[in-house]
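Per-entry structural report
Each chain is listed here by its residues.
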Amino acid sequence: FRFLDYVGKEAVNKDDGASVTVFDINASMLKVGEARASELGHTKGISFVQGDAQELPFEDNTFDCYTIAFGIRNVVKIDEALKEAHRVLKPGGRFMCLEFSKVKPQELESLYDLYSFQVIPPMGKILAGDWDSYQYLVESIRKFPDQ
């Protein structure tokens, strides 16, 4: 939603104006996003599409930018998802991936592990009422390849 805030309503309301496509495999997450967009007043320039990142339902060369945040490690075939991202990007388009990774320097690893396993899941339980998802988060970070 920050992108839509950044470009402003004038840019979104133009016929060939800015737009955002929110894409997720999880219908429940999309519903949460739609509700949040509505609460923030984003009614134009945004669409919500359900599907699999390994088989994107978009034409080649569709997007100027493709972002994925904290999701690529949940894709079964990462190489397929990356090929699809490349396919739907326009020439010169940007791919932006935001993920957790391992801590550098290695001397901080034990402190990071302590924080990850002893702070993050309990905070998830307190703030979101959900220990398991936050436990999965810290475990999946460890399985994801290094930078």
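Criteria and cut-off values
- Residues numbered from 1 in each chain as written.
- Predicted model: local features only at pLDDT ≥ 70, side-chain atom pairs only at ≥ 80, totals over all residues.
- Heavy atoms only, no water.
- Core = buried A, V, L, I, M, F, W, Y, C linked by side-chain atoms within 4.5 Å.
- Buried < 20%, exposed > 50% of the residue type's maximum accessible area, 1.4 Å probe, protein only.
- Helix = DSSP H or I, 4+ residues; strand = E, 2+ residues; numbered from the N terminus.
- Contact = heavy atoms within 4.5 Å.
- pLDDT = per-residue confidence, 0-100.
- Expected span 1.5 Å × (residues − 1).
- Salt bridge = Lys/Arg side-chain N within 4 Å of Asp/Glu carboxyl O.
- Phe/Tyr/Trp six-rings, centres within 6.5 Å; stacked < 30°, edge-to-face > 60°.

With 13 residues, the main nonpolar core has Ala53, Leu56, Phe58, Tyr66 and Val88 as its most contacted residues. Secondary structure elements with two or more residues in this core: β3 (63–69) and α3 (78–88). Those residues in contact with Phe58 that lie beyond four places of it in its chain are Thr21, Phe23, Val49, Phe63, Arg87 and Val88.

A few words now on the confidence of the model for the protein. Low-confidence regions, as indicated by low pLDDT, have predicted coordinates that should not be scrutinised in detail. For the protein, per-residue confidence averages 89 on the pLDDT scale, and residues scoring 70 or more make up 99% of the total. Averaged pLDDT values over the elements of the protein bottom out at 78 in helix α1 (residues 2–13) and peak at 96 in α3.

So, on to α1. Its twelve residues give α1 an end-to-end C-alpha distance of 16 Å, which sits within 8% of 16 Å, the value for a rise of 1.5 Å per residue. On its buried face, α1 is in contact with β1 (20–24) and β2 (46–50).

What follows concerns the side chain of Ser116. For Ser116, the position within the fold is in helix α4 (residues 109–118). Not counting the four nearest positions on each side in its chain, Ser116 is found in contact with Pro121, Val138 and Arg142.

So, on to the pattern of salt bridges. On inspection of all chains with the given rule, the structure shows five salt bridges. Two residues, Arg87 and Asp60, come together in a salt bridge whose shortest N-O distance is 2.7 Å. Of this pair, Arg87 sits in helix α3 while Asp60 sits in the loop between β2 and β3; the two residues are 27 residues apart in sequence, bridging distant segments of the chain. The exposure class of Asp60 is partly exposed, given its relative accessible area of 47%. Among the ionic pairs, Lys90 bridges to Asp64, the shortest N-O distance being 3.5 Å. Linking Lys90 in strand β4 (residues 89–98) with Asp64 in strand β3, this pair joins segments that are 26 residues apart in sequence. Lys90 sits in the partly exposed class, given a relative accessible area of 33%. A single salt-bridge network, built from bridges that share partners, covers Asp60, Glu84 and Arg87.

The next thing to look at is the environment of Leu108. Tracing the backbone through its elements, the reader meets Leu108 in the loop between β4 and α4. Residues Leu108 and Phe144, spaced 36 residues apart in sequence, show a C-alpha to C-alpha distance of 18 Å.

In total, this model carries four aromatic pairs according to the counting rule given. On the numbers, 5.6 Å between centres and 65° between planes, the contact of Phe23 with Phe58 is edge-to-face. With Phe23 in strand β1 and Phe58 in the loop between β2 and β3, this pair connects stretches of sequence that are 35 residues apart. Residue classification places Phe23 among the partly exposed residues on the basis of a relative accessible area of 22%. Note on Phe70 and Phe100: the rings are 4.8 Å apart at their centroids and 25° apart in plane angle, and the pair reads as stacked. Taken as a pair, Phe70 in the loop between β3 and α3 and Phe100 in the loop between β4 and α4 lie far apart in primary sequence, 30 residues in all. Given a relative accessible area of 35%, Phe70 falls into the partly exposed group. Aromatic rings pair up to connect Phe23, Phe58 and Phe63 into one cluster.

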